Amino acid sequence: MRMIRTELILEVRDVSRSFGGFTAVDGVSFTVAAGEQRAIIGPNGAGKTTLFNLLTGLLRADAGSVLLGERELIGLPPHRIASAGVSRAFQTTSIFPRLSVRQNVQVALLAAAGLTRRVWGDGWSQKRDEAERILEEVGLGTNADQPASMLSHGDQRAIELALALAHRPQLLILDEPTAGMAPAETAATMALIRRVVAERSMTLLFSEHDMEVVFGTADRITVMHQGRVLTEGTPADVRGDARVQEVYLGTADVAS
Ligand code: ADP
Ligand code: MG
């Protein structure tokens, strides 16, 4: 059974980021409980990806605070945020296509341990067992020796999830995990994510366009529009909210 705990894992307070004169994320505040599966939704341009870039240190916030437990993340570089417990998957093409699936995970494990340079010297003996355990976990146990490039699109996603798990995240961030996927692949990818998140008692923060995926996975949903939080609630609350329907039809103007 998945447990949503009472303590907060993430507190986002008044976070803003502008590009030139345009404010992409505008005073965003929300909190996430430990163990929760939270969706961030909103039409294109709402600021979801920018928000995730601020949370993971890829972009620096102009203002605001992001607490992971007691720890302030704003101002930390991405690798420090990763070692604090926040991993993002499916974002970069961080797979080395000519290395084996196992070697890819070994590289990620060595990087997570701060041993990036070590791998090239010693015949891939390090972190081998741990890499295999993670590959079993994501369903790639039998693919360990194959070059990563040989795997299907869906299985490459599973590798990327394994790479994120190498950092032992408490909070897993996914920006549109099923973008570009056919329905069967979408279902399989989300089932894998939900299983791994539950087994590791992780917290999940994800954006997604596919409302079936959102309503099937999220405990709570935060709706963004024009860089701000429009509303937040349970899937049932959000589904019934007239303002949410309006922003998806493009008729709302909540800028004040
Ligand atoms: P979403 O992920 O919700 O579609 P984004 O965070 O990608 O939204 O973008 C929010 C707004 O910020 C968009 O209008 C986008 O054009 C703008 N934006 C994002 N990144 C940059 C950037 N590096 N420079 C200028 N504008 C940006
Ligand atoms: Mg986006």
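Small disclaimer: the values here were computed from a predicted structure and weren't measured.

**Side note on the sheet that holds strand 4 (residues 63-68)**
Strand order in the open sheet formed by 4 strands is 2-1-4-5, and the pairing between neighbours is antiparallel. Among the strands making up the open sheet, the edge pair consists of strand 2 (22-33) and strand 5 (71-72). Two strands pair when backbone bridges link them, and strand 4 and strand 5 are joined in this way by 2 bridges, in the antiparallel orientation. Pairing of Leu-67 across the sheet is with Glu-72, part of strand 5.

**Notes on the packing of helix 3 (residues 101-112) against helix 5 (residues 153-165)**
In a packed pair of helices, the relevant descriptors are the angle between the two axes and the axis-to-axis distance. Between helix 3 and helix 5, the least distance of the axes is 8 Å, while the angle of their chain directions is 25 degrees. Considered as vectors, helix 3 and helix 5 are oriented roughly parallel to each other. Here the hand of the crossing between helix 3 and helix 5 comes out right-handed. From helix 3, Val-101, Asn-104, Val-105 and Ala-108 reach across to helix 5, where they touch Ile-159, Ala-162 and Leu-163.

**Quick word on the sheet that holds strand 3 (residues 37-41)**
Sheet architecture is open: 6 strands sit in the order 6-7-8-3-9-10, paired in mixed fashion. The sheet is open, and its two edges are formed by strand 6 (86-89) and strand 10 (228-233), each paired on a single side. In this sheet, adjacent strand axes meet at a mean angle of 20 degrees when their direction is disregarded. Relative to strand 9 (residues 220-225), strand 3 runs parallel, the two sharing 4 bridges. Along strand 9, the bridge assignment pairs Ala-39 with Ile-221. Sheet strands in contact with helix 5 are strand 6 and strand 7 (171-175), and its direction is about 165 degrees off that of strand 6. Where helix 9 (residues 242-249) meets the sheet, its contacts fall on strand 3, strand 9 and strand 10, and the angle it forms with strand 10 comes to roughly 135 degrees.

**Some details on the site of ligand 1**
Taken together, Phe-19, Phe-22, Ala-24, Pro-43, Asn-44, Gly-45, Ala-46, Gly-47, Lys-48, Thr-49 and Thr-50 are the residues near ligand 1. Within the side chain of Lys-48, an N or O atom sits 2.7 Å from an oxygen atom of ligand 1. Side-chain polar atom of Thr-50 to an oxygen atom of ligand 1: 2.6 Å apart, as the coordinates give it. For ligand 1, whose accessible area on its own is 560 Å², the fraction buried by protein is 59%. Of all the elements, helix 1 (residues 48-55) adds the most residues to the shell around ligand 1, at 3 residues. Partitioning the shell around ligand 1 into residue classes produces 5 nonpolar, 5 polar and 1 charged.

Calculation notes
- Each chain carries its own residue numbering, running from 1 in the direction its sequence is written.
- Following the order in which they are written, the chains are lettered starting with A and the ligands numbered starting with 1.
- Local features in this predicted model are restricted to residues of pLDDT 70 or higher, and side-chain atom pairs are both shown and tallied only at a pLDDT of 80 or more, whereas totals for entire chains, interfaces and linings draw on every residue.
- Think of the side-chain values as coming from all heavy atoms in the structure, minus any hydrogens and water.
- What makes two strands pair is DSSP finding at least two bridges between them.
- Numbering goes from the N terminus for both helices and strands, where a helix is a DSSP run of H or I of at least four residues and a strand is a run of E of at least two.
- A fitted line through C-alpha atoms represents every axis, and for helices the fit uses only the stretch in contact; the resulting angles, taken between N-to-C directions, go from 0 to 180 degrees.
- Between 65 and 115 degrees an angle is taken as roughly perpendicular, under 35 as roughly parallel, over 145 as roughly antiparallel, and anywhere else as oblique.
- Here is the rule for handedness: rotate from the far helix to the near one, and if that takes an anticlockwise turn smaller than a right angle the crossing is left-handed, while a clockwise turn gives right-handed.
- Contacts are assigned to residue pairs that have any heavy atoms within 4.5 Å of one another.
- Only heavy atoms are used to decide nearness, and a residue is near a molecule or strand if one of them lies within 4 Å of it.
- The definition of a polar contact used here is a pair of N or O atoms within 3.5 Å, where within protein one atom must be able to donate a hydrogen and the other to accept one, and adjacent residues in sequence count solely through side-chain atom pairs.
- Exposure was quantified through the Shrake-Rupley algorithm and a 1.4 Å probe, taking into account, for residues, occlusion by the shown protein chains and nothing else.
- Charged means Asp, Glu, Lys or Arg here, nonpolar means Ala, Val, Leu, Ile, Met, Phe, Trp, Tyr, Cys or Pro, and polar covers whatever is left, Gly included.

No statement about biological role is implied by the geometric values presented.
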